[in-house]
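# Secondary and tertiary structure notes
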Amino acid sequence: MIYNELYNFCKVRDTDRRSFSNRAKFLIDLLTRLGIEHKVVRTKSERYRKYFYNIYAFGNSDKFLSAHYDIIDIRADNANDDSASIINMIAYKQKNPSINLLILDGEEPPYGGSGSQFASRYLKANNIPVKWIFNLELTGVGKSFFIDNADTKLGACIEKQFPGCIRISTPFNDAMIFRANGFDSCVLTTVDVDEQGKPDMGVLWHSHSPQDSVDKMKIEDMRNFVDNVLDKIVKNC
């Protein structure tokens, strides 16, 4: 089952990013084994004096999912931030081959969304039609979700499909870079909520630390998100 690949993915470490990313290698191998056509685009950043490796799995629609695979703490599993979202995207690609995937490098500090910046340039340079880019951040646990409060068509459509969904100001994420480049984009994070309907924001505080471990992820929640939330948004927005 594709979701079980999360346990393998979270154990892959990038101990030396001067060379090709070990996590990128894992994902390339996974996509190949699943028969999902993809391409790797390497871009050199003069600012950081290193290469970034974005992986694109194109479909035949104008709708895009994005998530980042790079990690900041090589001691940690970085399970919810953002390995679970990568696995969820690939799971959805199996379900709906028409969707486009942007598997991004360089979101984490100090690189500040380098991957989404390079992806924006690539989409524009190749005149690829884009209706929206739906960015997934921390989607490994939780039966509810929140989205950012940016004024976007995608966000408004999600609210229409899920009345009462939570909208809040979110920490830095790739959707901000996509919006700055003129794309309609918003971010979603899955959470549990209390009896008053308030989100448990504890999942955010575990990011970038050993507390973000794969044993805390819930495959049932991931599958529910892909089948009952992500699928509805893609089909209706």
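See the structure above.
Residues numbered from 1 in each chain as written. Predicted model: local features only at pLDDT ≥ 70, side-chain atom pairs only at ≥ 80, totals over all residues. Heavy atoms only, no water.

### Some details on the overall build of the chain
Counting its secondary structure elements, the chain contains eight helices and eight strands. Over its C-alpha atoms the chain spans a radius of gyration of 16 Å, differing by no more than 12% from the 18 Å that the globule rule assigns to 237 residues. Structurally, the chain occupies a C-alpha span of about 50 × 40 × 35 Å along its principal axes. Counting only residues that meet the buried cut, the chain has 57% of its 237 residues in that class. The distance from the centre of the 31 positive side-chain charges to the centre of the 31 negative ones in the chain is 5 Å. (Helix = DSSP H or I, 4+ residues; strand = E, 2+ residues; numbered from the N terminus. Rg over C-alpha atoms; globule rule 2.2 N^0.38 Å. Buried < 20%, exposed > 50% of the residue type's maximum accessible area, 1.4 Å probe, protein only. Lys, Arg positive; Asp, Glu negative; His and termini not counted. Charge placed at Lys NZ, Arg CZ, Asp CG, Glu CD.)

### Some remarks on the pairing of strand β5 (residues 132-136)
Burial analysis of β5 places five of its five residues in the buried class, the great majority of the element. Here β5 shows no split at all, with W132, F134 and L136 on one side and I133 and N135 on the other all buried. Direction of pairing for strand β3 (residues 63-68) relative to β5: parallel, over a ladder of four bridges. Across the sheet, K63 pairs through a bridge with W132, a residue of β5. In this structure, β5 lies alongside strand β8 (residues 185-191), joined through four bridges in parallel fashion. Bridging across to β8, N135 finds its partner in V187. (Pairing = 2+ DSSP bridges.)

### Structural notes on the packing of aromatic side chains
Overall, the coordinates contain 12 aromatic pairs when judged by the stated rule. Here Y56 and F58 contribute two aromatic rings whose centre-to-centre distance is 5.7 Å and whose plane-to-plane angle is 45°, an arrangement assigned as tilted. One aromatic cluster is present, built from ring pairs that chain together Y48, F52, Y111 and F118. When the ring centre of Y51 is taken as reference, the NZ or CZ atom of R42 above it lies at 3.8 Å. Just above the ring of Y111 sits the side chain of K50; from NZ or CZ to the centre is 5.0 Å. (Phe/Tyr/Trp six-rings, centres within 6.5 Å; stacked < 30°, edge-to-face > 60°. Lys NZ or Arg CZ within 6 Å of the ring centre and 35° of its normal.)

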